[in-house]
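# A look at the structure
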Amino acid sequence: MQAQKVDFVSIPTRDLDRAASFYGDTLGLERDPLSDSAWPELTAGNVTLAVVVPEQIGMEFAPLPTGAIAIRVPDVADARTELEQQGIAFEGDTFDSGACHMAFFRDPDGNGLMLHHRYKPYHDGSTP
Amino acid sequence: MPVTSEVERVDFIAVPTLDRERSAKFYGETLGLERNPNSSEQWMEFEIGNVTLALLPHEYTGRSEFTPSSGPIALRVSDVDEARRKLEEAGVEFPMETIDSGVCHIAPFFDPDGNSLMLHRRYAPYADGSTP
């Protein structure tokens, strides 16, 4: 089997408009103009996030687990401050793994997200 | 103020696992994804075109209860029926018939930890006439 790419990552929601507003306005992701209001898609650089009512695809609602999607920002502390000013609550202090900073938060449906920035080069010397 | 200028990309999608060797076999061999040579045994990463899937060992989450991911990751394949058949031959079970949404084919399935995945192929052009 040849998997070519990830077409989208599904973000389960109970409220399409609220979720579209969170990802579009609060996180500032661009809405894919070709997506419709029943299946809103937002572009996070290399990946499309599709806001989905799970019942429409035969699934029950359950939020994504902690830190399911790692969103790259240039500076985790700055981005965290901006989101906190908009009322987003983070879970715990920002974590320094020794290679990257991670700050865990959730969208209005409780889906686990993470602000992420790797500051350490990889073994081969390259940087993200 | 939105952090519009801040979000650069998705670095990885975390795939929670109770058994990283089993997961590595599934993503590396069954799905045939390429292992990121810069990733370690403790933090294994697999590359699929535009994004990285990172195996997240359950013990790293600090939680007692294991929760698989409920939001399907849509894996683009050139032909959903053919890819499904190959995965079925490799022992992967598909819980339902392949769905034709009117614009795409979707075959949902799960990894060994119950994380939600789907084979996906859009066949209809978008409203502006472009195709995926």
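All of these numbers come straight from a predicted model, not from anything done at the bench.

## Section: the packing of aromatic side chains
Following the criterion strictly, the structure yields seven aromatic pairs over all chains and no others. Centroid distance Phe90 of chain A to Phe105 of chain A: 5.0 Å. Interplanar angle 40°. Geometry classified as tilted. With Phe90 of chain A in strand 6 (residues 90-96) and Phe105 of chain A in strand 7 (residues 100-106), the pair connects residues that are 15 residues apart, well separated along the chain. By relative accessible area, Phe105 of chain A is classed as buried at 1%. With a centroid separation of 5.0 Å and 40° between ring planes, the pair formed by Phe94 of chain B and Phe109 of chain B is classed as tilted. With Phe94 of chain B in the loop between helix 2 (80-89) and strand 6 (99-100) and Phe109 of chain B in strand 7 (residues 104-110), this residue pair connects regions lying 15 residues apart in the sequence. Both residues of the pair, Phe94 of chain B and Phe109 of chain B, count as buried. Clustering of aromatic rings is evident, with ring pairs tying together Phe26, Tyr27 and Phe46 of chain B.

## Considering the sheet that holds strand 7 of chain B
Read from one edge to the other, the open sheet built from eight strands follows the order 2(A)-3(A)-4(A)-1(A)-5(B)-8(B)-7(B)-6(B), with strand pairing classed as mixed. Because the sheet does not close on itself, it has two edges, and the strands there are strand 2 (30-31) of chain A together with strand 6 of chain B. Relative to strand 4 (residues 47-52) of chain A, strand 1 (residues 5-12) of chain A runs parallel, the two being bridged by four bridges. Bridge assignment links Ile11 of chain A to a residue of strand 4 of chain A, and that residue is Val51 of chain A.

## Some details on the sheet that holds strand 4 (residues 51-57) of chain B
Within the open sheet, the eight strands sit side by side as 6(A)-7(A)-8(A)-5(A)-1(B)-4(B)-3(B)-2(B). Their pairing is mixed. The open sheet has two edge strands with one neighbour each: strand 6 of chain A together with strand 2 (34-35) of chain B. As judged from the five bridges shared by strand 1 (residues 9-17) of chain B and strand 4 of chain B, these two strands associate in the parallel manner. Pairing of Thr17 of chain B across the sheet is with Pro57 of chain B, part of strand 4 of chain B. In the packing of helix 1 (residues 20-30) of chain B onto the sheet, contacts are made with strand 1, strand 3 (45-48) and strand 4 of chain B, and the angle to strand 4 of chain B comes to roughly 160°.

## A look at the interface of chain B and chain A
Put simply, an interface is often sized by how much accessible area is lost when its parts join up. Across the boundary between the two partners, chain B contributes 48 residues, which contact 51 residues of chain A. Of the roughly 4400 Å² buried between chain B and chain A on both sides combined, carbon and sulfur atoms contribute 57%. Seen at the junction of chain B and chain A, the total is three salt bridges. The closest approach of N and O atoms between Arg72 of chain A and Asp11 of chain B, which form a salt bridge, is 2.6 Å. There are 22 residue pairs in polar contact (both at pLDDT 80 or more) connecting chain B and chain A. For the side of chain B that touches chain A, the secondary structure elements donating two or more residues are strand 1, strand 4, strand 5 (73-76), helix 2 and strand 8 (116-122) of chain B. For the side of chain B that touches chain A, the element with the most residues is strand 1 of chain B, which contributes seven residues. Its residues placed into classes, the side of chain B that touches chain A shows 27 nonpolar, 12 polar and nine charged. Here strand 1 of chain A pairs with strand 5 of chain B via four bridges, running antiparallel. Pairing of Val6 of chain A across the sheet is with Leu75 of chain B, part of strand 5 of chain B.

## Thoughts on empty space enclosed by the protein
Summed over the entire model, instances satisfying the criterion amount to two cavities of 30 Å³ or more. Looking at the largest cavity, its volume works out to about 40 Å³. In terms of residue class, the lining of the largest cavity is built from seven nonpolar, two polar and no charged. The volume enclosed by the second largest cavity comes to roughly 30 Å³. Along the walls of the second largest cavity sit Ser10, Pro12, Val52, Pro54, Ile57 and Met59 of chain A together with Ser70 and Pro72 of chain B, which together make up its complete lining. The residue inventory of the lining of the second largest cavity, partitioned by class, reads six nonpolar, two polar and no charged.

## Structural notes on the domain arrangement of chain A
Residue and element names in this part refer to chain A. Splitting chain A by domain gives domain 1 (6-56) and domain 2 (64-128). Centre-to-centre separation of domain 1 and domain 2, based on C-alpha positions: 19 Å. Every contact between the two is made by 14 residues of domain 1 and, on the other side, 13 residues of domain 2. Across the interface of domain 1 and domain 2, roughly 1000 Å² is buried in total on both sides, 69% from carbon and sulfur atoms. Scanning the region where domain 1 abuts domain 2 turns up one salt bridge. We note a salt bridge from Arg18 to Asp109, for which the minimum N-O separation is 2.9 Å. Taken together, domain 1 and domain 2 are joined by five residue pairs in polar contact (both at pLDDT 80 or more). Going through the elements one at a time, strand 1 and helix 1 (16-26) are the ones with two or more residues in the side of domain 1 that touches domain 2. The greatest single-element share of the side of domain 1 that touches domain 2, amounting to five residues, is contributed by helix 1.

So, how was this worked out
Residues numbered from 1 in each chain as written. Chains lettered and ligands numbered in written order. Predicted model: local features only at pLDDT ≥ 70, side-chain atom pairs only at ≥ 80, totals over all residues. Heavy atoms only, no water. Phe/Tyr/Trp six-rings, centres within 6.5 Å; stacked < 30°, edge-to-face > 60°. Helix = DSSP H or I, 4+ residues; strand = E, 2+ residues; numbered from the N terminus. Buried < 20%, exposed > 50% of the residue type's maximum accessible area, 1.4 Å probe, protein only. Pairing = 2+ DSSP bridges. Contact = heavy atoms within 4.5 Å. Axes fitted to C-alpha atoms, helices over the stretch in contact; angles between N-to-C directions. Buried area = accessible area lost by both parts, 1.4 Å probe. Salt bridge = Lys/Arg side-chain N within 4 Å of Asp/Glu carboxyl O. Polar contact = N/O pair within 3.5 Å; in protein donor to acceptor, adjacent residues only side chain to side chain. Nonpolar A, V, L, I, M, F, W, Y, C, P; charged D, E, K, R; others polar. 1 Å grid on protein atoms, 1.4 Å probe; cavity = no way out; pocket = protein on both sides within 12 Å on 5 of 7 lines; lining within 4 Å. Points joined across faces, edges and corners; volume = space filled by probe spheres on them. Domains from an automatic or database assignment.

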